[in-house]
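Residue strings, one per chain:
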Amino acid sequence: MKYSILLASLAPTMMAAPLTRDTFEWTPTLAGYFDVVFQYMQQAKQPGQPSPTCDLSKAAMPIAPSPLPSPAGLVLEHVAVGRGVQNYTCANATATPAAVGAVARFYNASCVAADYPDLLGLIPNLALQYPLPADPSAPLAPSELQLSSHHFFSNTTTPVFTFDTPESPDFGTIFAQKVHSSDAPANAVPGISGTGNGAVPWLYLTSRSDTESEIKAVYRLSTAGGQPPETCADMPAAFSVDYSATYWFYK
Ligand SMILES: *[C@@H]1O[C@H](CO)[C@@H](O)[C@H](O)[C@H]1NC(C)=O
Ligand SMILES: *[C@@H]1O[C@H](CO)[C@@H](O)[C@H](O)[C@H]1NC(C)=O
Ligand SMILES: *[C@@H]1O[C@H](CO)[C@@H](O)[C@H](O)[C@H]1NC(C)=O
Ligand SMILES: *[C@@H]1O[C@H](CO)[C@@H](O)[C@H](O)[C@H]1NC(C)=O
């Protein structure tokens, strides 16, 4: 039963979306997501199928195009889908946009990572097409994943992850640093409605010494959108680009 409840929580607003969003279009992104959910639903109906366990030891990260260091010796604690913006500044029209941080809400996708790995990597593509819910504590449309944490920068080189939501276990606050990156795969979704400047790189981050958490490593994977234009021509002094990604937390 739990199997179908989780699938139901992933599926329903997808069905509702076409009726409630006047900008809705049937895109390859959405079609691919529906295909995978549909296959899982068919499988779930067959007798003898194992029920989902949300067992994170079964979850495996996708391999980056330039493989990132493995989390050897660490234990997976949480998987989130992040949805928010990457921020950039432009010094002048001939400069290159400079990355100055990001702000995102993170939603609990641990069970999806454990039990529906094919679906997990598609969720950022889909989440990117939807604005964040107006209510800051509401679940993520259209997947109904629950808010688990927040992401922001404390200075331009320090990504912060904070487990500060009342419904989630408190895994503390992680002050991280970028250690390795890989370009996103060539077929990554470049932006909203499939148009944009590309998907931000996949990253391997480690905790700085001032971290107040047992989390030691964070991966940003399965990115969609977030890249700035190549030059600052016609860009304002500061701007944001929508993105989504999965984040994997290891302790
Ligand atoms: C534009 O900004 C860049 C980066 O700050 C700087 O290196 C460059 O000298 C500036 N160019 C002009 C024409 O001001
Ligand atoms: C990023 O831009 C958003 C507006 O899009 C703003 O609310 C936020 O404070 C900015 N954060 C950083 C770290 O620059
Ligand atoms: C940014 O913040 C980190 C962590 O709080 C700190 O270690 C680092 O020195 C800061 N860097 C700058 C340039 O302020
Ligand atoms: C994520 O959801 C699972 C299943 O409901 C729960 O056990 C876990 O504590 C949640 N994790 C966070 C960080 O919210």
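Residues numbered from 1 in each chain as written. Chains lettered and ligands numbered in written order. Predicted model: local features only at pLDDT ≥ 70, side-chain atom pairs only at ≥ 80, totals over all residues. Heavy atoms only, no water.

- By the naming in an unreviewed UniProt entry, the protein is Malate dehydrogenase, taken from Cladophialophora immunda.

1. Observations regarding the state of the cysteines
Then, in step 1: Here the structure, examined in full by the defined rule, presents two disulfides.
Then, in step 2: There is a disulfide in this structure between Cys54 and Cys111, and the S-S distance comes to 2.1 Å. Between Cys54 and Cys111 the sulfur-sulfur dihedral comes to about 105°; the bridge is accordingly right-handed. Of the two residues, Cys54 sits in the loop between helix H3 (28–45) and strand E1 (76–89) while Cys111 sits in helix H4 (residues 110–115), which places them 57 residues apart along the sequence.
Then, in step 3: When the bonded cysteines of the protein are counted from the start of the sequence, the pairing works out to 1-3, 2-4. (Disulfide = S-S within 2.5 Å. Helix = DSSP H or I, 4+ residues; strand = E, 2+ residues; numbered from the N terminus.)

2. Describing the site of ligand 2
Then, in step 1: Around ligand 2, a shell composed of Asn87, Val103 and Ser240 is seen.
Then, in step 2: The side chain of Asn87 places a nitrogen or oxygen atom 2.5 Å from an oxygen atom of ligand 2.
Then, in step 3: For ligand 2, whose accessible area on its own is 360 Å², the fraction buried by protein is 44%. (Near = heavy atom within 4 Å. Polar contact = N/O pair within 3.5 Å; in protein donor to acceptor, adjacent residues only side chain to side chain. Areas by Shrake-Rupley, 256 points an atom, 1.4 Å probe, with all protein chains shown as cover.)

3. Notes on the site of ligand 4
Then, in step 1: As a structural note, the neighbourhood of ligand 4 is formed by His78, Asn108, Cys111, Ser148, Ser168, Pro169 and Phe171.
Then, in step 2: Contact distances for ligand 4 include 2.3 Å between an oxygen atom and a side-chain N or O atom of Asn108.
Then, in step 3: In the model, an oxygen atom of ligand 4 is placed 2.6 Å from a nitrogen or oxygen of the Ser168 side chain.
Then, in step 4: In isolation ligand 4 has 370 Å² of accessible area, and contact with the protein removes 58% of it.
Then, in step 5: Broken down by class, the residue content of the shell around ligand 4 amounts to three nonpolar, four polar and no charged. (Nonpolar A, V, L, I, M, F, W, Y, C, P; charged D, E, K, R; others polar.)

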